[in-house]
Amino acid sequence: MSKLKCFIGLDFMAVKSYLGLKSVLILLVCALFSTLTSGTVSTTAGIGVIVAVISTGYPFAVSEKAGLDSLYPTLSLSKKQVVSGRYLFIFLFDISTVTFAYISAALGKLLSQIFGHNISNYGISWEFLAVSSAFIIIQLIQIPFYFKFSYSKAKFMTVIPFAAIFALYGVVGISVNGISLEMIIMEFLSKLVENKLMLAAVTLTVLSITVFISYQLSMAFYKKREF
Amino acid sequence: MVNTTNLLEVRGLFKKYKTFTLKDVSFDVPKGYITGFIGPNGAGKTTSIKAILGIISAEAGTVKMFGKEHSNVLNTGIGVVMDSPMYVDDWTVSDVEKAIAPFYGNWDSGKYAGYINQFGLDKKKKVKDLSRGMKMKLQIATALSHDAQLLILDEPTSGLDPVARDEICDILREFVSDENRSAFFSTHITSDLEKTADYIIFILEGKIVYSGSKDELIEKYARAAGSISDISSEHKKLIIGYRGHSTGFEGMVETANIRKLPKSVLTEDISLEEIIIFMNREGKESE
C-alpha cells in the first residue's frame, strides 16, 4: 500500500505543472458562471466531471515525455503497482475536481443570494449522477488505450468512445414501424428512475463491470509494453 | 552457494528484436570496484542494462543482485544514472527529491542537500534548464542519497566536456572507496575507463567478447603494423581487425601470438579504444 501511496504522490508531482493557479482559476470561473446561469449546482458538478475526464491523459502525457515508465522499475515498482496506482490517482483526481466544483458552486450560491437569485437545488441530482456515470465510463474506456499505445498515439483513439456514443445515439433514434430503440430505452430508464434503489444498483453494477474490464485490459496491455 | 564478492551476476541474458539480438550475456560485477561496460554504439549496452534493471524483460537468463535472484524490490539497493534523466522537465531540483525520496526508506535529505551543494546545483532550477553535465550530477546526487550499494550508469559521460567527465570519474572513484560498493559504468568513451575502471566487460553485436580485468585485457593484445609483403596469409589470420593500405597494414594481435609473426612486424602497446576499433572491424569482416 505504501508503494501505491508513493506512486500517487509521484503522479501528482508529474501533473503538478498542469494544475497551476491559472487552471484552478479557470475551473473556478467556469463553475461560478454555470452555477449563476443554470441556477443548479448539479450542472456545475457536471462540469467538474467533464474537466476530470478531459484531464485523464495528463499523467500519461507527462510519463511519456519524461520517460517515467523507465523510472518506475528503478523505484522498485511493479507493473501491477503502476497500473493500480494510476487508476487510484485518476479516481482521486475525479473526486478532487468534483469536490472543487461543488465548493465553487457553494461560492456561487452565496454570490447569487447577494444578487437576489435563487439556486434551486444544492443536492446531488439523479441527472448529475447519470451524466457523471456516462463520462466515467468513457474515461474507463480511454485508460486502456493510454496503457497500450502511450499518450501521443492514444490521444486520437480516446475520441472513439465519444464518437461511439454519438453514433449509438443516432442508431437508437431510428424508428421502425413507429417504434424506436430510443423509446424502449427511455421507457426502461423512466421506470428505473422511479425506483431509485434499482437505478443505484444498475449504475453501480455497470460501473463495477466497466472498472473491472478496464483494469484487466490495462494490466494486460501494460505488462507487454517495453520502454 | 552465494558469491558475496559479486554485487551483480548476470547469466545467459537473451533478448531478440527484429534487427538486434542480445546473445547469452553473462558477466559479474565484483564488490569494491568500478566495472566498465564497453562496446560501440548499438552493441547492446543499454539493452543489457535495461534487462538487468527489469525495464525490459529478457526472454532467457538470470540476474542476481546482492546474492539474490533479481526482483524489482532489490532495485532500492541500486542507484541508476541513465543517459538522460527520467525526471519531469518542469521539476525543480527540490521537486526531484519530493518525487523520488518517498520510495526509499533510507533516504537521507541531508546527504542530498550536501551533494546538491557540492555539485553546485541550484535547488530552484528546473531540470529543463540544467546543462547535460548538471543533469548527470543531479541523477548521481539522487542515486547517492539513498545509500545505494551498486551504481549502474548508462553513458554518464557521453556528450560532456573533459572537465565534467573528470568530475564524474572522481565521484565514481570516491563512491567505490567504500569496499562494499560497486559501480557498473557503460560508455564508449574509453579514456574515462582507462582512468577509472578496474574491470572491463566488452560487448560486441549483442555478445560479450571479454569479461575480466582491464589490465589483463590491455596486456592480452598488442597493436601490430608493418609492410604487407612481410606477412603471409597464415600470419594474416593472426591479425585481428586487419586493414591493409598503400603503405602497409595495421591490426591487433594477441600477445601470445606475437612470436608467430615475423620480426619485421612492429608490435606495441594498445589502448582500449584501439581494442574496440579492431574487434569491431574483425566482427564486421567475419560476418
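Residues numbered from 1 in each chain as written. Chains lettered and ligands numbered in written order. Predicted model: local features only at pLDDT ≥ 70, side-chain atom pairs only at ≥ 80, totals over all residues. Heavy atoms only, no water.

Draft legend 1. Expanded view of the overall build of chain A. For chain A, the count of helices and strands is 10 helices and 2 strands. If you list the helices and strands of chain A from N to C, you get α-α-α-α-α-α-α-α-β-β-α-α. Taking all 227 residues of chain A together, the buried fraction comes to 40%. Considering only contacts within chain A whose residues lie at least 6 apart along the sequence, 79% involve residues at least 24 apart. Carbon and sulfur atoms make up 74% of the accessible area of chain A, which totals about 12500 Å². (Helix = DSSP H or I, 4+ residues; strand = E, 2+ residues; numbered from the N terminus. Buried < 20%, exposed > 50% of the residue type's maximum accessible area, 1.4 Å probe, protein only. Contact = heavy atoms within 4.5 Å. Areas by Shrake-Rupley, 256 points an atom, 1.4 Å probe, with all protein chains shown as cover.)

Draft legend 2. Broad picture of a nonpolar patch on the surface. All names here are of chain A. Together, Ile 179, Leu 181, Ile 184, Ile 185, Met 186, Phe 188 and Leu 189 make up a nonpolar patch on the protein surface, roughly 650 Å² of accessible area in all. Among the elements that make up the nonpolar patch, the one with the highest residue count is helix 9 (residues 181-194) (6 residues). Its location among the elements puts Met 186 in helix 9. For Met 186, a relative accessible area of 48% puts it in the partly exposed group. (Patch = residues over 30% accessible without salt bridge, like charges linked within 9 Å, V, L, I, M, F, W, Y side chains within 5 Å. Salt bridge = Lys/Arg side-chain N within 4 Å of Asp/Glu carboxyl O.)

Draft legend 3. Representation of the interface of chain B and chain A. Between chain B and chain A, the residue contacts involve 27 residues of the former and 23 residues of the latter. Of the roughly 2000 Å² buried between chain B and chain A, counting both surfaces, carbon and sulfur atoms make up 63%. It is Ile 55, Met 86 and Phe 103 of chain B that lose the most area in chain B upon contact with chain A, and together they represent 35% of the buried surface on that side. Run the count over chain B and chain A and you get 2 salt bridges. Across the pair Glu 226 of chain A and Lys 15 of chain B runs a salt bridge whose closest N-O atoms are separated by 2.9 Å. The interface formed by chain B and chain A contains 5 residue pairs in polar contact (both at pLDDT 80 or more). At the level of secondary structure, the elements contributing two or more residues to the side of chain B that touches chain A comprise helix 1 (45-53) and helix 2 (93-100) of chain B. It is helix 2 of chain B that contributes the most residues to the side of chain B that touches chain A, 4 residues altogether. (Buried area = accessible area lost by both parts, 1.4 Å probe. Polar contact = N/O pair within 3.5 Å; in protein donor to acceptor, adjacent residues only side chain to side chain.)

Draft legend 4. Layout of the sheet that holds strand 5 (residues 68-69) of chain B. An order of 2-1-4-5 (chain B) is seen for the 4 strands of this open sheet, with the pairing classed as antiparallel. Unpaired on one side and paired on the other, strand 2 (21-30) and strand 5 of chain B mark the two borders of the sheet. (Pairing = 2+ DSSP bridges.)

Draft legend 5. Spatial organisation of the sheet that holds strand 10 (residues 207-213) of chain B. All names here are of chain B. Pairing is mixed in the open sheet, where 6 strands are placed in the order 6-7-8-3-9-10. In the strand order of this sheet, the two ends are held by strand 6 (78-81) and strand 10, each with one partner. Between one strand axis and the next, the sheet turns by 15 degrees as a mean value, whatever way the strands run. Relative to strand 8 (residues 182-187), strand 3 (residues 34-38) runs parallel, the two being bridged by 5 bridges. Bridge pairing in strand 8 places Phe 37 opposite Ser 186. Running over the sheet, helix 4 (residues 132-144) touches strand 6 and strand 7 (150-154) and is turned about 170 degrees from strand 6. (Axes fitted to C-alpha atoms, helices over the stretch in contact; angles between N-to-C directions.)

Draft legend 6. Main features of the packing of aromatic side chains. Counted according to the given criterion, the structure contains 17 aromatic pairs over all chains. By the ring-pair criterion, three or more aromatic residues cluster together here, those being Phe 60, Tyr 87, Tyr 146, Phe 147, Tyr 151, Tyr 215 and Tyr 222 of chain A. (Phe/Tyr/Trp six-rings, centres within 6.5 Å; stacked < 30°, edge-to-face > 60°.)

Draft legend 7. Looking closely at the domain arrangement of chain B. Residue and element names in this part refer to chain B. Domain boundaries in chain B define domain 1 (6-205) and domain 2 (218-285). For domain 1 and domain 2, the distance between their C-alpha centres works out to 34 Å. At the junction of the two partners, domain 1 supplies 10 residues and domain 2 supplies 9 residues. Summed over both partners, the interface of domain 1 with domain 2 buries about 800 Å², with 74% contributed by carbon and sulfur atoms. (Domains from an automatic or database assignment.)

Draft legend 8. Broad picture of the pattern of salt bridges. All names here are of chain B. According to the stated counting rule, one finds 21 salt bridges over all chains in the structure shown. Lys 137 is the salt-bridge partner of Glu 167, the closest N and O atoms lying 2.4 Å from each other. In this pair, Glu 167 sits in helix 5 (residues 162-175) while Lys 137 sits in helix 4, placing the two residues 30 residues apart along the sequence. For the salt bridge of Lys 237 with Glu 234, the shortest nitrogen-to-oxygen distance reads 3.2 Å. Linking Lys 237 with Glu 234, this pair stays in helix 8 (residues 233-238), spanning 3 residues, or about one helical turn. A network of salt bridges, in which partner residues are shared, links Arg 223, Glu 250, Glu 268, Glu 274 and Arg 281.

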